[in-house]
Every structure is written in structure tokens, then in C-alpha cells.
Amino acid sequence: MLTAEEKKEIDEAIHIVPYRQAACIEALKVVQNHRKWVSDESLKDVAAYMEMTAEELDSVATFYNMIFRKPVGRHIILVCDSISCWVMGYESLRDELTKKLGIKFGETSADNRFTMLPNPCLGTCDCAPAMMIGNDLYRNITLDQLDEILKKYE
Amino acid sequence: MEKPLTGHIREDLRPLTLKEYEKVGGYQSLKKILKGMTPQAVQAVVKESNLRGRGGAGFPTGMKWSFVPLDAPKPKYLIVNADEMEPGTFKDRLLLESAPHQLIEGMIVSAYAIQADQSFVFLRWAYKVAAHNITKAVQEAYEAGYLGKNILGSGFNLEMHLHTGVGRYMCGEETALLNSLEGKRATPRAKPPFPQVSGLFGKPTIVNNVETLSCIPHIVNNGAEWFQKLSLTNDPGTKLFGVSGKVKKPGLWELPMGVTMRELIEKYAGGMQDGLKFRGALPGGASTDFLVEEHMDVKMDYPSVAAAGSRLGTGTMIVLDDKTSVVGFVKNLIHFFAQESCGFCTPCREGLPWIEKVLNAIDLKEGRKGDIEMLEAHTKLLGPGMTFCALAPGAMEPLQSAIKYFRKDFEKYIKDQHEQKSGIRTVTA
Ligand SMILES: Cc1cc2nc3c(=O)[nH]c(=O)nc-3n(C[C@H](O)[C@H](O)[C@H](O)COP(=O)(O)O)c2cc1C
Ligand code: SF4
Ligand code: FES
């Protein structure tokens, strides 16, 4: 069941496009915003609301990197694995995070605190290596800063 | 040195408010066109300026606009492509975060030139600061009467919406972007029909890059001749140039079109880090061919870089040094393209993962005889004209040029067949 608030936000998105289905990505975003990820149950509810089949909507949902069809932790760490960050050594950043948090790319920590994912170029290549945690961007990262950074996310 | 695009950006990068922006000449071009320029006249000055699209392909902006039927019924759309996701590219971020009003002004003027009444900022999800700053600036522009109905009493209407994407490199390809805005998978569309005639929701649509549209107010204010004089060559304007990789001072600078690669690397980026030598560079993002030492004095503009066998692309250069593995470098790029391929056409969907596997083998010193030839064949099989969009041909550019300039780096890791069968090495020094 979509909440009244979710429906209201989805309706706002529908309002600016000529037909309902065109707002389906916005609808997925709204639901993910409220629920952290899009479960099969949520997907069916959104599909019904958008007057689409669940299969149709899932073909869209699974196409995009930032719609999560599996549960994620409270904070999502996105490590840039593209070229400038590779040149500048993102791999040691990744390995250090794995060591500290006990998770590899694609995994969520047992306490559900972090999910760590690789991510294409974050558009800040002159300050490589770079990563995002939630909405925050970290750049020119050195390994000795990591404890300080991670502390901010409980 | 004149820096029309970034000259007004504060040192701490905080965007100007609308009032502050107006104090440095902001929204003058909007007032100018609404007072007495026809859409045709705005198009004419842009055409005459020879501005070329800054999104990577370098298509002349005025010509692109001229294909929009001016008398077509509304709605018509103007979209700014702010999906910046080409690895090694970090230029639009600055304009989006720190000069949102300049972009909005450029969008309004451009929408007027093609008589669009609806506009979208298609913004990459990762650009959170930009989303915040643009939302605020759009709101200010509405309040000032620069957006909405009957703008400054001229009878011209324009709505502007911010759309943040959900992450896929293909969203930057302009027809795939349109599909994404329509709530579909971001796969490209067949052309024709071109978006100028049948784009978003089947209506006439222009998609332009952030930097392209940010140039428009200045061209309208100062004229085509002024814009041409900004450049050191025949290719007009200034350009945001960036350098990343193991140089002393990676960064982003607005410079005249036509600075040389040497100046960018040595003067602006401070040269290579101590103990490292320059081996090559991708001049304009991940999908451009390598330039090497012999090209150091190539002028960075669209025709000169093309004549040197590469593309200016996005103008943000990635430097390869002599201690970084060439094969590893190319493998990283191909991994990106393979992952971001939309899967619509076979050569790209099947070819890129295969190339990645072979590069991986070579990187692990497990390459086999014939691998390099196989990679070379793929640069043709995935080349221009063989796939449905430009992603795959773009992916082949660094690969084909790496093999051309650094073949020995690949050969080094190819075992000969005898060794593969017998385990006995023959090493030729
Ligand atoms: C796979 C792919 C990704 C692209 N990504 C972008 C992008 O992020 N931003 C952009 O402006 N252009 C991008 N382009 C180029 C656009 O298709 C289009 O040419 C450009 O937005 C047109 O604007 P311009 O004429 O102002 O350069 C991409 C092209 C391809 C093939
Ligand atoms: S070339 Fe690749 S990205 Fe482009 S349409 Fe084909 S599969 Fe999709
Ligand atoms: S390559 Fe990592 S931010 Fe661009």
C-alpha cells in the first residue's frame, strides 16, 4: 500500500508529464526515498498506481543503477571505480574499507549500517580518489581519514 | 584573459543569488531579446558565432536549432543535458553548482530562440549540491518573472523543471535521455526522426550540454565576432579544460579554445608528478583516442584534435604516466563501457564483455597469441556504423589508439603458443 504522502508526491510528478506512465521513474524514486529500497511488494503497488504491469515497471526499475531492488544498509558508500580514481589508487581505498567494515562491493554489513557499491565516475576526477556516503561527497581521500569519515554515519 | 563562463564565480564556489548575478550583468541577454530580437535573430547570432556543442560531439549549435519547426504547435521542449558521467569528465559540475543562474538564463534565451514553452534540467543524481543550487535559482527566476507566464510582459511563456536521473551513462545520449524522461529504459532511438522534429513525447525538442547553453547569454550580449575573438584559433570561444591523473596540480580552467596540450599539462597542471613521465592522454574523456608525446603541441580545439587522430570530446583530459599499466588503464575503461552498455544491440552487448575478458587475461599475463589481433578486429566490429549508438564506437577509441601507440605493452604479456602447451618460456629480450 502506498502511503498518502507517497501518493501525493507521485501525483506531483504525474502533473508535469502528459500521461501517468511517464512519471514511473519519479514514482520509484519517491517510494525508494521513503523505504530505502523497492521490494517486490512496493513494486506491485507502484505499478498498480501507475496503471502499468509489474513486469513493465520492473524492466524500468532494473535498468537503472540507483533503484535498489534489494535491501540496502542505512548508509550507502559509493566508491568511484572509474579511470582517474583508478590511476590515483581507488583500489587501496576499496580494500581499506573492506578491512574496516568487513564488506566487499555489493555487500551490506551485518549491523545493517553500510552497503558498499562501486560507482562510475563521480565527476570530480581532479580530486581523485572520490566516494560518496549518502548525499555527501568525499574527495582527495587518504586512508588515514577514513575512521574520521565513517564515524559520522551511525 | 577573458573568462565569460567562470569569471563571475566566487573563490569559495558559492553560487551568486539572482540579485548578485544581475549586478555582474546577469539576465541582460534575456532583456535584450525580449525587447527587440526575433527568435530568428537569436538563432542567427548563435549560428554566426560558430558555437559548437560542448557535450562531446561538437555539433554546431545554431545549425542544430535551425531544424526545429518554429511554427509547430506547442508544447516544444528545451532540455539541458546535465547527466555528466563520462569517466574523467568534471566540467559541467562547476557550472551547475556555482553558476546556476547563467545556465538558466542560457536556457530561457535558447528556449525563446526555438520557441519552446517547456524546459527540463536533466541532472545526474550524484550532483547533490547542484540539485540544491539549481532548485533555489529556478525559484528565484520564477519570482523575478524570468520564468513562467508572459515573461517580462513579452507574451513569451516558459516553464522549467528539474529532473534528477537514477544513474546510467546512457541517459546522457540524447535520444536515450528522452526515453528516460518519458519513464522508459534509457535506450537510444532510431534517427530519423530527429529530436528537433519529434523528440520528447513526440514534440520538437532540443537537447544541449550545460556548457553549450551557458555560452548563449554571452554570445547574445556581445555578438558573434566577440565570441570568435576569444579563441586562439578559428574554433571560437573559451572552453573548460581539465586535467586529471598523476600530474602535480590536477584541475579545471576556463581557457581560450586552442591552447596546446603542452600548456595544459605543463603550465596549468604543473607538469607530471616527480619521478613520472608522460606517456599519453585521452584529451576529452574516456571515449577519445590517446594522444602521445608527438602531439604535445596540438592545439586543443575540435578540428585540430581531430586532425591529430582524436577528439576534443568534453575537453577534460586523463593523463597516463609511465608507471601506470596501459593494459590496466584500458581494461578499466572497457569495464565501464561494458557495464553501462544498454544491451540493445549485439556487437556492443556481447563484444564489450568479451574484450574486457581478453584484456583481463592479458593484464594477468595470460594473454594468448592472436589476442591483439582479435582486439583489433573488435575495434572495427564495434566501430562507427556497426552499432545503434555512439557508446560502442566511443569505447573503441582508447582501445584502438592504445594498441597503435603502446602495442609492446600488450605484446609483453602474450605467451606464445608453444609456451602455452609446454609451459616452457622463450624470452626474447
Ligand atoms: C553514451 C553517451 C553518453 C553521453 N553523455 C553525455 C552527457 O553526459 N552530457 C552531454 O552533454 N552529452 C552527452 N552525450 C552527447 C549527447 O548525446 C549530445 O550529443 C549532447 O548532449 C548534445 O549537446 P551539445 O550539442 O550541446 O554538445 C553522450 C553521448 C553518448 C553516446
Ligand atoms: S551501442 Fe551499446 S549502448 Fe548503444 S544502443 Fe548499442 S548496446 Fe546500447
Ligand atoms: S574518475 Fe573518479 S571521480 Fe571521475
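Engineer: For this particular structure, what's the right way to read unusual backbone geometry?
Structural biologist: Each neighbour pair has its own omega, and for B:Lys191 with B:Pro192 the value is -5°, a cis peptide bond. For the peptide bond that leads from B:Pro192 to B:Pro193, omega is 0°, which places it in the cis range. Of note, B:Pro193 is situated in the loop between α8 (174-181) and β4 (205-209). In this structure, A:Glu51 is a non-glycine residue whose phi angle is positive, near 60°. Along the chain, the position of A:Glu51 falls in the loop between α3 (40-50) and α4 (54-61). For A:Glu51, a relative accessible area of 56% gives the class exposed. Even without being glycine, B:Gln115 reaches a positive phi, approximately 55°.

Engineer: Sorry, what's going on with the interface of chain A and chain B here?
Structural biologist: You'll often see interface size given as the accessible area lost when the parts meet. Taken together, the contact pairs 39 residues of chain A with 50 residues of chain B. Carbon and sulfur atoms make up 63% of the area that chain A and chain B hide from each other, which totals about 3500 Å². Per-residue buried area on chain A facing chain B is highest for A:Phe63, A:Ile83 and A:Asp126; these three make up 20% of the total on that side. Counting across the chain A and chain B interface gives zero salt bridges. On inspection of chain A and its partner chain B, the count reaches 20 residue pairs in polar contact (both at pLDDT 80 or more). Contributions of two or more residues to the side of chain A that touches chain B are made by α2 (24-35), α4 and α5 (83-87) of chain A. When grouped by side-chain class, the residues that make up the side of chain A that touches chain B number 24 nonpolar, 10 polar and five charged.

Engineer: How do you make sense of a nonpolar patch on the surface when you look at a structure like this?
Structural biologist: A contiguous nonpolar patch, built from B:Phe59, B:Met63 and B:Phe67 and spanning about 290 Å² of accessible area, is present on the exposed surface. With respect to the helices and strands, the residue B:Met63 is situated in helix α4 (residues 61-66).

Engineer: How should the side chain of B:Ser119 be read in this particular structure?
Structural biologist: All names here are of chain B. Following the sequence through the fold, Ser-119 ends up in strand β2 (residues 118-123). What makes Ser-119 buried here is its relative accessible area of 0%. Sequence-distant contacts of Ser-119, defined by excluding residues within four places in its chain, comprise Leu-78, Met-107, Leu-158, Glu-159, Met-160 and His-161.

Engineer: I tried to follow α4(A) on my own but got confused; where do I start?
Structural biologist: Along an α-helix, residues three or four apart share an orientation, since each turn contains 3.6 residues. Residues and elements named next belong to chain A. The set of residues buried in α4 consists of Leu-57, Val-60 and Ala-61. Seen from one end, α4 has its buried residues packed into an arc of 100°, which puts them on one side. Check the buried side of α4 and you find it contacts α2 and α3.

Engineer: Explain the nonpolar core to me, please; I cannot follow it from the model alone.
Structural biologist: Across soluble globular proteins, you tend to see nonpolar side chains buried next to one another. All names here are of chain B. Counting 173 residues, the largest nonpolar core has Ile-108 and Leu-352 as its most contacted members. In this structure Ile-108 touches Tyr-27, Leu-30, Tyr-146, Leu-147, Ile-151, Phe-156, Leu-158 and Met-160, once residues within four positions along its chain are discounted. The next biggest cluster of nonpolar side chains, apart from the first, holds 25 residues, and it includes Ile-265, Ala-269, Leu-291 and Met-296.

Engineer: Help me understand helix α7 (residues 128-143) of chain B in this model?
Structural biologist: Residues and elements named next belong to chain B. With 16 residues, α7 ought to run about 22 Å at 1.5 Å a step, and its terminal C-alpha atoms sit 23 Å apart, in line with that. Those residues of α7 lying buried are Ala-130, Ala-131, Asn-133, Ile-134, Ala-137, Val-138, Glu-140 and Ala-141. Tucked inside the fold, the buried residues of α7 contact α1 (18-23), α5 (92-98), α6 (100-114), β2 and β3 (159-164). Gly-145 sits one or two residues past α7 and shows a positive phi near 80°.

Thresholds applied
Counting starts from 1 at the beginning of each chain's written sequence and moves along it residue by residue. Chain letters start at A and ligand numbers start at 1, both assigned in the order the entries are written. Predicted model: local features are reported for residues with pLDDT of at least 70 only, side-chain atom pairs are reported and counted for 80 or more only, and whole-chain, interface and lining totals are derived from all residues. Side-chain numbers come from the whole structure's heavy atoms, not from hydrogens or water. Helix and strand definitions follow DSSP, with helices as H or I runs of at least four residues and strands as E runs of at least two, each counted in order from the N terminus. The buried label applies to any residue whose accessible area, calculated with a 1.4 Å probe on protein chains only, is under 20% of its type's maximum; exposed applies above 50%, and partly exposed to all values in between. A contact between two residues is defined here by any heavy atoms of the two lying within 4.5 Å. Buried area: the accessible surface (1.4 Å probe) lost by two parts on joining, summed over both. A pairing counts as a salt bridge when a side-chain nitrogen of Lys or Arg comes within 4 Å of a carboxyl oxygen of Asp or Glu. Residues adjacent in sequence count toward polar contacts only when both atoms are side-chain atoms; beyond that, a polar contact is any pair of N or O atoms within 3.5 Å, and within protein one must be able to donate a hydrogen and the other to accept it. Polar here means any residue other than Ala, Val, Leu, Ile, Met, Phe, Trp, Tyr, Cys and Pro, which are nonpolar, and Asp, Glu, Lys and Arg, which are charged; Gly is therefore polar. Exposure above 30% relative accessible area and the lack of any salt bridge qualify a residue for a patch; like charges then connect within 9 Å, and the nonpolar side chains Val, Leu, Ile, Met, Phe, Trp and Tyr within 5 Å. Note on areas: these come from Shrake-Rupley sampling with a 1.4 Å probe, and a residue is covered only by the protein chains present in the view. This arc is taken over the directions from the axis of the helix to the C-beta atoms. Among buried residues, the Ala, Val, Leu, Ile, Met, Phe, Trp, Tyr and Cys ones that are joined through side-chain atoms within 4.5 Å form a nonpolar core. One fewer than the residue count of a helix, multiplied by 1.5 Å, yields its expected span.

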